Amino acid sequence: MSMGDASTGGPDLNRRGFVKAGSVAAFLAAMGGVPLTAQEAEKAAAQAASEGKVLPPPKADPNYKEKPPGPPVKCAVIGLGSHGRDIVATLAKLPNAPVVALCDHYKQAFRRAAEAAPQARQVQDYREVLSAADVQAVIIATPSHLHRDIALAAMQAGKHVYLEAPLAHTVADAKAIAAAAKALPPKQVFQSGLQWRENPQHHHVLKFIRTGATGRLATSRGQGNRKQRWRRSSPNGDREKALNWRLYRDTSPGLAGEVGIHSLDLARWYHDTLPVAVHGLGGVMQWNDDRDVPDTVTVVAEFPGGYRHTFSATLANSFEGEHDVFAGSDAAVLIRDNKAWMFKETDAPLLGWEVYARKDDFLNDSGIALVANATKILAQGKKPAEAASQTEAPLQYALGRFVENINDGTRPVADWKAGLEATVLALRANEAVLKGGRIAIDASDFVA
């Protein structure tokens, strides 16, 4: 019998020849219903297959209810650039996050931000926001080199703080912010803007990787391509300089810090290990103006044991956009936007839930959709294959969790520690890019 014969179960078995028998228990385990290990799932699948069973997914749960929103948390947004305006618009979609104050030192910034929060008062000095009794929480979306003073003052004023990533544009500033957040009372929330840490889709994929469904992780890579100049114009020279803080080394963490931080943090989180070094290369390949920050970079984060994560980004081309891939001995996982797929190797063990999952074609491969929020999907009586993915943007999940953490008194997943570790990795990566070589990362850098 040839190696390509499907009945051999050999390495040339077609990837689309998924198991025709399975186990609801294994399916629920993989989708988050019960605890899962790869060994348990494989055993359940083998037992179901030996009995020739194909079991239907469970019926809708008539008693299923979503958690109601908690009490309103009155918010202020400090920094009304493009991302700050996105934050204001996102808070307006939440049922319990009224924006009571908008803050920016530039008057013209209020016009567009106020469209989503017309009742919010407009303040130019952040200290006035922090002294306001009706402001419970602040979301800081200023340029990263301005984070330190505002974040420290906000925590000192007793406010709950959501601080955009990276925490700061220097390791010293990031450590100062993290140390202050570490010392906060348990009920005072500090959350870093690592949106993926609060995203159900990324938590869902984490389960597959941590339980061994991908086998032993060999490598991973991320990409952040988007053709844009990053330059903004203004008739006022000082204002134009301030608007273009991302283009200059004195104020910018570079592409590694502004874009790569999320991909680098994902690798650190999924691999559950701190990196020991980072390599970097970059240059100005497209936008030849007065900037001294590269518009194209490649970074390699080096972890103990030889595992490496590569991140590349360019402002010169948008092809393939933004995505991350984690490749193991049994399967690879592709994460793009709010969707994820698993691509199994032909010799990988069957986990038992594949028969229920939706499959999408990618050139010559078939990807098994990894859909988050399966408990809700199943409770509604839907088949997992009918569900595409979550619909809310990652920022909405992150801000929603911020408000929920405040109401519940719980610690964010994207806490000060995660924020510090991601920031240090991203800033050291940017240093490596500017140096054009390898930089060792001292373990003390990650300690607040």
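Parameters and conventions
- Residues numbered from 1 in each chain as written.
- Predicted model: local features only at pLDDT ≥ 70, side-chain atom pairs only at ≥ 80, totals over all residues.
- Heavy atoms only, no water.
- Helix = DSSP H or I, 4+ residues; strand = E, 2+ residues; numbered from the N terminus.
- Buried < 20%, exposed > 50% of the residue type's maximum accessible area, 1.4 Å probe, protein only.
- Contact = heavy atoms within 4.5 Å.
- Areas by Shrake-Rupley, 256 points an atom, 1.4 Å probe, with all protein chains shown as cover.
- Expected span 1.5 Å × (residues − 1).
- Pairing = 2+ DSSP bridges.
- Axes fitted to C-alpha atoms, helices over the stretch in contact; angles between N-to-C directions.
- Core = buried A, V, L, I, M, F, W, Y, C linked by side-chain atoms within 4.5 Å.
- Salt bridge = Lys/Arg side-chain N within 4 Å of Asp/Glu carboxyl O.
- Parallel < 35°, antiparallel > 145°, perpendicular 65-115°, else oblique.
- Nonpolar A, V, L, I, M, F, W, Y, C, P; charged D, E, K, R; others polar.
- Phe/Tyr/Trp six-rings, centres within 6.5 Å; stacked < 30°, edge-to-face > 60°.
- Lys NZ or Arg CZ within 6 Å of the ring centre and 35° of its normal.

(A) Fine view of the overall build of the protein chain. In terms of regular secondary structure, the protein chain is built from 14 helices and 16 strands. For the protein chain, with 448 residues in total, the buried portion stands at 52%. Within the protein chain, contacts between residues at least 6 apart in sequence are counted, and of these 70% link residues at least 24 apart. Working note: accessible area of the protein chain is about 20,200 Å², and carbon and sulfur atoms make up 51% of it.

(B) Looking closely at unusual backbone geometry. The linkage connecting A165 with the following residue, P166, adopts the cis geometry, with an omega of 0 degrees. Of note, P166 is situated in the loop between β5 (160-163) and α7 (171-182). Even without a glycine there, the phi angle at W230 is positive, about 70 degrees. The backbone of E320 shows a phi angle near 65 degrees, a positive value even though the residue is not glycine. Structurally, the position occupied by E320 is in the loop between β10 (308-314) and β11 (322-328). The exposure class of E320 is partly exposed, given its relative accessible area of 40%.

(C) Main features of helix α11 (residues 260-271). With 12 residues, α11 should cover 16 Å at 1.5 Å per step; its first-to-last C-alpha distance of 17 Å lies within 8% of that length. Where burial is concerned, most of α11 is hidden: 11 out of the 12 residues are buried. Burial in α11 covers these residues: G260, I261, H262, S263, L264, D265, L266, A267, R268, W269 and Y270. D272 sits one or two residues past α11 and shows a positive phi near 60 degrees.

(D) A look at the sheet that holds β5. Strand order across the open sheet formed by 6 strands is β3-β2-β1-β4-β5-β6, with parallel pairing between neighbours. The open sheet terminates on both sides in strands that have one partner only, identified here as β3 (121-123) and β6 (190-192). This sheet shows a mean twist of 20 degrees between the axes of neighbouring strands, independent of strand direction. Pairing geometry for strand β4 (residues 137-140) and β5, over 4 bridges, is parallel. Bridge pairing in β5 places A137 opposite H160.

(E) Expanded view of the nonpolar core. Core analysis: the biggest nonpolar cluster contains 73 residues, and V138, F190, Y270 and F326 have the highest contact counts within it. Residue contributions to this core peak at 8 residues, all from helix α14 (residues 416-435). Sequence-distant contacts of Y270, defined by excluding residues within four places in its chain, comprise H202, V205, L206, I209, R210, F326 and I335. Counting residues in hydrophobic clusters, the runner-up holds 28 residues, among them V73, V88, A109 and V403.

(F) Structural context of the pattern of salt bridges. All told, the structure shown has 19 salt bridges when counted by the stated rule. Among the salt bridges present, the one from R231 reaches D289, with a minimum N-O distance of 3.0 Å. Taken together, the residues R231 in the loop between β7 (217-224) and α9 (237-243) and D289 in the loop between β8 (277-283) and β9 (296-302) connect sequence positions 58 residues apart. Residue classification places D289 among the partly exposed positions, given a relative accessible area of 24%. Note that D415 is salt-bridged to R411, the shortest N-O span being 2.6 Å.

(G) Highlighting the packing of helix α6 (residues 147-156) against α7. Interaxial distance between α6 and α7 falls to 10 Å at its minimum, and their mutual angle equals 10 degrees. With respect to their mutual orientation, α6 and α7 come out roughly parallel. Every residue of α7 that contacts α6 at H147, R148, A151, L152 and M155 is listed here: A172, D173, A176, I177, A180 and A181. A class-by-class count of the residues in the contact of α6 with α7 yields 8 nonpolar, 1 polar and 2 charged.

(H) Molecular detail of the sheet that holds strand β15 (residues 365-369). The 10 strands lie next to each other as β14-β15-β13-β12-β11-β7-β10-β9-β8-β16, forming an open sheet whose pairing is mixed. In this open sheet, the two edge strands, each paired with only one partner strand, are β14 (359-362) and β16 (438-440). Strand-to-strand twist across the sheet, computed as the mean angle between neighbouring axes with direction ignored, equals 20 degrees. Pairing of β7 with β11 involves 7 bridges; the strand directions are antiparallel. Residue pairing across strands places S220 opposite F326, the latter belonging to β11. Along the sheet face, helix α8 (residues 200-210) touches β7, β11, β12 (331-336) and β13 (339-344) and points at about 20 degrees away from the line of β13. Contacts from α14 reach β8, β9 and β16 within the one sheet, and its direction differs from that of β8 by about 50 degrees.

(I) Looking closely at the pairing of β8. Note that β8 and β9 share 7 bridges and pair antiparallel. Bridge pairing links G280 to V299 in β9. Inspection of the sheet shows β8 paired to β16 by 3 bridges, in the antiparallel sense. Residue pairing in the sheet places H279 in a bridge with R438 of β16.

(J) Examining the packing of aromatic side chains more closely. This structure, assessed with the given rule, holds 6 aromatic pairs. For the ring pair W269 and Y270, a centre distance of 5.4 Å and an interplane angle of 45 degrees mean the geometry is tilted. The pair formed by W269 and Y270 is uniform in burial state, with each residue classed as buried. Arranged with centres 5.0 Å apart and planes meeting at 70 degrees, the rings of W341 and F362 form a pair that is edge-to-face. Of this pair, W341 sits in strand β13 while F362 sits in strand β14, and the two are 21 residues apart along the sequence. The buried category is assigned to W341, whose relative accessible area is 8%. A relative accessible area of 27% means that F362 is categorised as partly exposed. The rings of W269, Y270 and F326 are connected pair by pair, giving a single aromatic cluster. The ring centre of Y106 lies 3.6 Å from the NZ or CZ of R239, which sits over that ring.

Function cannot be read off these values alone, since they describe shape.
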